[in-house]
Amino acid sequence: MAKILLIFLMPAYVLALTNDELGRMVFFDDETYVIRLVNGDMLSGTISMIDSDASGTFVKISSLIGQAKVYAKEIDVVNSTEKHYRHRHRGYIMPTAIPVSGDHFVSLMEGVFPYAGAGIGQVVSITAGRSLIPGLPLSDQASAINAKFTLAKSVNGLIEDGWQFYALGANVGWLNDVNFMAHIYGVATWTGKRTQASTMLFGKVAGEDTYTIHAGTLTDPFGLVYATGSIGAALSLDTRFPEFHDLHFVGELWASDLSKPSNTMLYMGLRQANTAVAMDFGLALVPGPMVFPLVGFAWTPW
């Protein structure tokens, strides 16, 4: 029993950096860094020097409260602002043009849709998931696979410290095992210090024009009209609140068919994120009109 308790209690203890680990790090004068201390506090700013004294290895960081001297034994994690936020490759649902790269993740959406994503270099990003809704037979579940290829990255001359990314992708999905559909898309993302915005254009290239959706005994079968050849668009916005290091506003606007403006969904929510986990909570407005909550949890352990 003692061993079992120890296993569960171990994650509660945070290990600080060693003097050697901090001493081997390289910092750039024009880069902004985020330091998470072992007590949970956060500091952000430029690191002006790294040195050591009788108390150990330390860095000096210039933040809003002035210059602070922080020792290795006080630091849990230090990252550039870009690497600190590991979910730039996605909004809530919509992929951005930024690659997953090394920010591989596993996630759970709405408590019933597990999915995972992985990156291959700076170009290829793969995500896949399948619903596990209680009470539904496996044949009535939903599945999705997405492949994205980030083809270009360059400096965004309109925004200080900004970048622009461009990607092409394709995805396939099943609403029940027999209701297949496929899309291709192009997406562009522009980033700034705290904000990134993306725009996507997509088209349905395979599948039926009408579907009959089954949901086991949860509800009667119902019809869905979504013609092959439909062209849609989506927008997403992800911005960090200036007062917080880890709290973001995330919004998305989807139009599945530009010829039918009523087929539009709006999502607005909050994301609490650090280098290990991200939690989303928001509200979606869908045709009807209906409003319902959306929640998500993502883990980036690697």
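In the block above lies the structure referred to throughout.
What comes next concerns the included structure.

The rules behind these values
- Residues numbered from 1 in each chain as written.
- Predicted model: local features only at pLDDT ≥ 70, side-chain atom pairs only at ≥ 80, totals over all residues.
- Heavy atoms only, no water.
- Patch = residues over 30% accessible without salt bridge, like charges linked within 9 Å, V, L, I, M, F, W, Y side chains within 5 Å.
- Areas by Shrake-Rupley, 256 points an atom, 1.4 Å probe, with all protein chains shown as cover.
- Salt bridge = Lys/Arg side-chain N within 4 Å of Asp/Glu carboxyl O.
- Helix = DSSP H or I, 4+ residues; strand = E, 2+ residues; numbered from the N terminus.
- Buried < 20%, exposed > 50% of the residue type's maximum accessible area, 1.4 Å probe, protein only.
- Pairing = 2+ DSSP bridges.
- Axes fitted to C-alpha atoms, helices over the stretch in contact; angles between N-to-C directions.
- Polar contact = N/O pair within 3.5 Å; in protein donor to acceptor, adjacent residues only side chain to side chain.
- Phe/Tyr/Trp six-rings, centres within 6.5 Å; stacked < 30°, edge-to-face > 60°.
- Lys NZ or Arg CZ within 6 Å of the ring centre and 35° of its normal.

With that settled, the discussion passes to a nonpolar patch on the surface. On the surface, a cluster of nonpolar side chains totalling about 780 Å² of accessible area is made up of Leu 235, Leu 253, Leu 266, Met 268, Phe 281, Leu 283, Leu 285, Val 291 and Val 295. For the nonpolar patch, the secondary structure elements donating two or more residues are β17 (264-273), β18 (277-286) and β19 (290-299). Position of Val 291 relative to the elements: it lies in strand β19. Note on Val 291: relative accessible area 56%, which makes it exposed.

Backbone hydrogen bonds are what pair the strands of a sheet, in a parallel or an antiparallel way. Read around the closed barrel, the 12 strands follow the order β6-β7-β8-β9-β10-β11-β12-β15-β16-β17-β18-β19; overall the barrel is antiparallel. Ignoring which end each strand starts from, the neighbouring axes of this sheet average 20° apart.

One open sheet holds the 5 strands; their spatial order is β4-β3-β2-β1-β5, and the pairing between them is antiparallel. Each end of this open sheet is capped by a strand with a single partner; those strands are β4 (66-71) and β5 (75-80). Pairwise comparison of adjacent strand axes, ignoring direction, gives a mean angle of 40° for this sheet. In this sheet, strand β2 (residues 42-53) lies alongside strand β1 (residues 33-37) in antiparallel orientation, the contact comprising 4 bridges. Bridge pairing in β2 places Tyr 33 opposite Gly 45.

To continue, consider unusual backbone geometry. Here the phi dihedral of Ser 101 falls at roughly 55°; this positive angle occurs in a residue that is not glycine. Within the secondary structure layout, Ser 101 lies in the loop between α3 (81-84) and β6 (105-109). Here the phi dihedral of Asn 176 falls at roughly 75°; this positive angle occurs in a residue that is not glycine. Within the secondary structure, Asn 176 sits in the loop between β10 (162-175) and β11 (180-191).

What follows is about the side chain of Gln 164. Residue placement: Gln 164 occurs in strand β10. Its relative accessible area of 18% is what places Gln 164 among the buried residues. Reaching out from Gln 164, the side chain makes a polar contact with the side chain of Tyr 166 at a distance of 2.9 Å.

For the structure on display, the rule yields 5 salt bridges. Across the pair Asp 103 and Arg 86 runs a salt bridge, and its minimum N-O distance is 2.8 Å. Here Asp 103, found in the loop between α3 and β6, pairs with Arg 86, found in the loop between α3 and β6; they are 17 residues apart in sequence, far enough to count as distant. Taking the relative accessible area as the measure of exposure, Asp 103 reaches 21% and is therefore partly exposed. Asp 177 is the salt-bridge partner of Arg 130, the closest N and O atoms lying 3.6 Å from each other. With Arg 130 in strand β8 (residues 124-130) and Asp 177 in the loop between β10 and β11, the pair connects residues that are 47 residues apart, well separated along the chain. The exposure class assigned to Arg 130 is partly exposed, which follows from its relative accessible area of 27%.

Right, let's get into the packing of aromatic side chains. Inspection of every chain in the model, using the stated rule, returns 8 aromatic pairs. Judged by centre distance (6.3 Å) and plane angle (50°), the ring pair of Phe 113 and Tyr 115 falls under tilted. Comparing Phe 113 with Tyr 115 shows no difference in burial state: the two are buried. One aromatic cluster in this structure is built from Phe 105, Phe 113 and Tyr 115. Arg 90 extends its terminal NZ or CZ atom over the ring of Phe 105, reaching a point 5.7 Å from the ring centre. Taking NZ or CZ as reference, Lys 153 lies 4.5 Å from the ring centre of Trp 163, over its face.

Functional significance is not addressed by these values, which are geometric in nature.
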